[in-house]
Amino acid sequence: MSNIGSYDNRLHDFSWKIAEQELGYRPGDTINIGWYCSDRICQLGKADKIALIWEGHDENSTRTYSFNDIRILSNTIGAFLRNLGIHDGDRVCLFMDKIPELYIGLLGILKIGAVVQPLFSAFGDESLFIRLENAGTKAILTTRQHAPKIQKILATLPDLQYIILVDDDGTKALKAKEIAFSLDRALPVEHLDVFPTKAESPSLLHYTSGTTGQPKGVKHVHYSLISQYLTAKWALDLQEDDLYWCTADPGWVTGTSYGIIGPWSLGITQCVKDSGFSAETWYRFIEKHKISMWYSAPTAIRSLMKAGDNLVKRFDLSSLRHLASVGEPLNAEAVVWSEKVIGKPFHDTYWQTETGSIMISNFPGMKIKPGSMGKVFPGLTAALLDPDTFEIITEVNKPGLIAFQFDWPARLRTYWKNEETFQKKFRNGWYLTGDRSTIDQDGYFWFIGRDDDVINTVGHLVSPFEVESALLEHKAVAESAVVAKPDEVNMEVVKAFITLKPGFVASDELELEIMNFIRKKLSPLAMPQEIEYVDTLPKTRSGKIMRRLLHAKEWGEDTGDLSTLEND
Ligand code: WTA
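Because the structure is a prediction, the values reported are computed rather than measured.

### With respect to the overall build of the protein
At step 1: What the protein contains, in helices and strands, is 19 helices and 27 strands.
At step 2: For 568 residues, the compact-globule formula gives about 24 Å, and the C-alpha radius of gyration of the protein, at 23 Å, lands near that figure.
At step 3: Viewed in the frame of its principal axes, the protein has a C-alpha envelope of about 65 × 60 × 50 Å.
At step 4: Looking at the protein residue by residue over its 568 residues, the buried ones come to 60%.
At step 5: By sequence separation, contacts in the protein at least 24 residues apart represent 68% of the contacts at least 6 residues apart.
At step 6: Put simply, the protein shows about 22,400 Å² of open surface, and 50% of that area lies on carbon and sulfur atoms.
At step 7: Placing the 61 positive and 75 negative side-chain charges of the protein at their respective mean positions leaves the two points 3 Å apart.

In structure tokens:
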């Protein structure tokens, strides 16, 4: 029996009070995600239940942590930060691979009322700088491997006071602002005064990319727990005996909302694999730990499909009970394939960094229409709006902009230091997601595409603006335009068109050099997979580069009405 039971019944008697009551929260109470994900679970009698089964690259590196371990270790990190003078409201960045300290550190930071800023460990110095500067980050928890990227930009970050190396054995010399810390060697802190955060106290700052301007810091609050708890329960169907694997990295929102907060607030055991993708490694991980609930992403699923059906047969995947996916369009073939070959279909879910929790989903027990994102979560009011008039579209199967009434607990509260851009997300009282879809006669959403130029590669958003700006910093590049290029597995990849400065000659070596330049500066995700040298870039009369034209060409689409662009 699924947690949600009958979707239709839930629609009728829905109230977020259901989650509030289950969590023992009353309006006006303190609410601290760090406490809810550890101390409360222990109070419920599950102190000895396993919270985390962690495995590194090496299969024999498994470590397990009970909820009581998580409680004490997050206290320990919290106390350490508090002793350094970190206060409620201060921004503390987590910048490391998927090691236990990342998961436990998140709770520790929240417990002292500070704001977690998770950043993807593959970010290069430029990506880091933009985000740390914007957030005015006071401390960063990282590892020896990643610290040099911070040292490189330290002089330009006056607010950054501490670089805390969580894997330091105390034997190596420390550089400027570095402090060594080890969870294994620190004195365990049994009791910590958890900061009495309230519903609207800030909790997390996730950076997300837009078409123009710098990345935006999406501000979330502790009350988001209400949505994350109930969606993890009803949409992901997490159940008491589950062994849950969320493949997302907590540098991105899926890895925090459903890789930490949702499951642990429900007292669920989760498994983490800190290694890159390989179909074989993934199947073995499922088999070894008897994973029952698996939350992943379309690119990974397509890569598994590509690895072939025979590989699947070599593993016992019978522990899998429920599968779900997020982040990019989940094509119908992938759903059909997983049902046929793995024995269970992937249930697509749709949401955003900004929404903080699942908005649309194929709920367990509900008929899956392969290729559809599913139906709206109970309690949410969704509509499609006409792109020109922003009126509600009532016609079935007519494309429109996905919009929501802005009233669910996990909604973003603003963009950090960028209220102006936040306000632009609204039209006629509706929150605009920036995505387009249709709704069929049964209320199922069918994704069409984004309404902007942001590139969704491997389920991660990359801003063409950020890549173009970084490209211009290369000595050979005069002008650049960056668009998405279709890709069979990754759905989209980054493609750059560039013109060269006088004295530079197009060559394969230069292409590689520029690619590496971006990989190091921004991240492997943002690195163009292809660079096309051009003599000129198409521009409007006012000199704006016509990205739309280049994009349309890449996708073999009609280039649209060029006259409007010419006069832009
Ligand atoms: C896209 C990730 C199609 C969409 C949780 C959205 C999807 C953006 C789906 C958010 C889906 C997410 N089908 N597209 N099921 N889920 N997207 O902020 O464009 O990294 O706006 O949050 O990913 O990406 P973000």
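Still more ground to cover, so stick around.
### Considerations on the domain arrangement of the protein
At step 1: Split into domains, the protein comes out as domain 1 (7-437) and domain 2 (455-566).
At step 2: The straight-line distance from the C-alpha centre of domain 1 to that of domain 2 is 30 Å.
At step 3: Here domain 1 and domain 2 share an interface that buries about 1,800 Å² over both sides, 55% of which is from carbon and sulfur atoms.
At step 4: Where domain 1 meets domain 2, there are two salt bridges.

### Notes on the sheet that holds strand β13 (residues 322-325)
At step 1: Read across the sheet, nine strands follow the order β2-β1-β11-β10-β12-β13-β14-β15-β16 without closing on themselves; strand pairing throughout is mixed. The open sheet has two edge strands with one neighbour each: β2 (63-66) and β16 (375-376).
At step 2: Pairing analysis gives three bridges linking strand β10 (residues 243-246) to strand β11 (residues 269-273), with the strands arranged parallel. Note that in β11 the partner of W245 across the bridge is C271.
At step 3: Across the sheet, helix α5 (residues 67-84) is in contact with β1 (50-55) and β2; its angle to β2 comes to roughly 85 degrees.

### Regarding the side chain of S182
At step 1: Relative to the assigned elements, S182 resides in the loop between β7 (178-180) and β8 (202-208).
At step 2: Judged by its relative accessible area of 14%, S182 falls in the buried class.
At step 3: Excluding its chain neighbours within four sequence positions, the residues that come into contact with S182 are V166 and D168.

Rules of the game
- Residues numbered from 1 in each chain as written.
- Predicted model: local features only at pLDDT ≥ 70, side-chain atom pairs only at ≥ 80, totals over all residues.
- Heavy atoms only, no water.
- Helix = DSSP H or I, 4+ residues; strand = E, 2+ residues; numbered from the N terminus.
- Rg over C-alpha atoms; globule rule 2.2 N^0.38 Å.
- Buried < 20%, exposed > 50% of the residue type's maximum accessible area, 1.4 Å probe, protein only.
- Contact = heavy atoms within 4.5 Å.
- Areas by Shrake-Rupley, 256 points an atom, 1.4 Å probe, with all protein chains shown as cover.
- Lys, Arg positive; Asp, Glu negative; His and termini not counted.
- Charge placed at Lys NZ, Arg CZ, Asp CG, Glu CD.
- Domains from an automatic or database assignment.
- Buried area = accessible area lost by both parts, 1.4 Å probe.
- Salt bridge = Lys/Arg side-chain N within 4 Å of Asp/Glu carboxyl O.
- Pairing = 2+ DSSP bridges.
- Axes fitted to C-alpha atoms, helices over the stretch in contact; angles between N-to-C directions.

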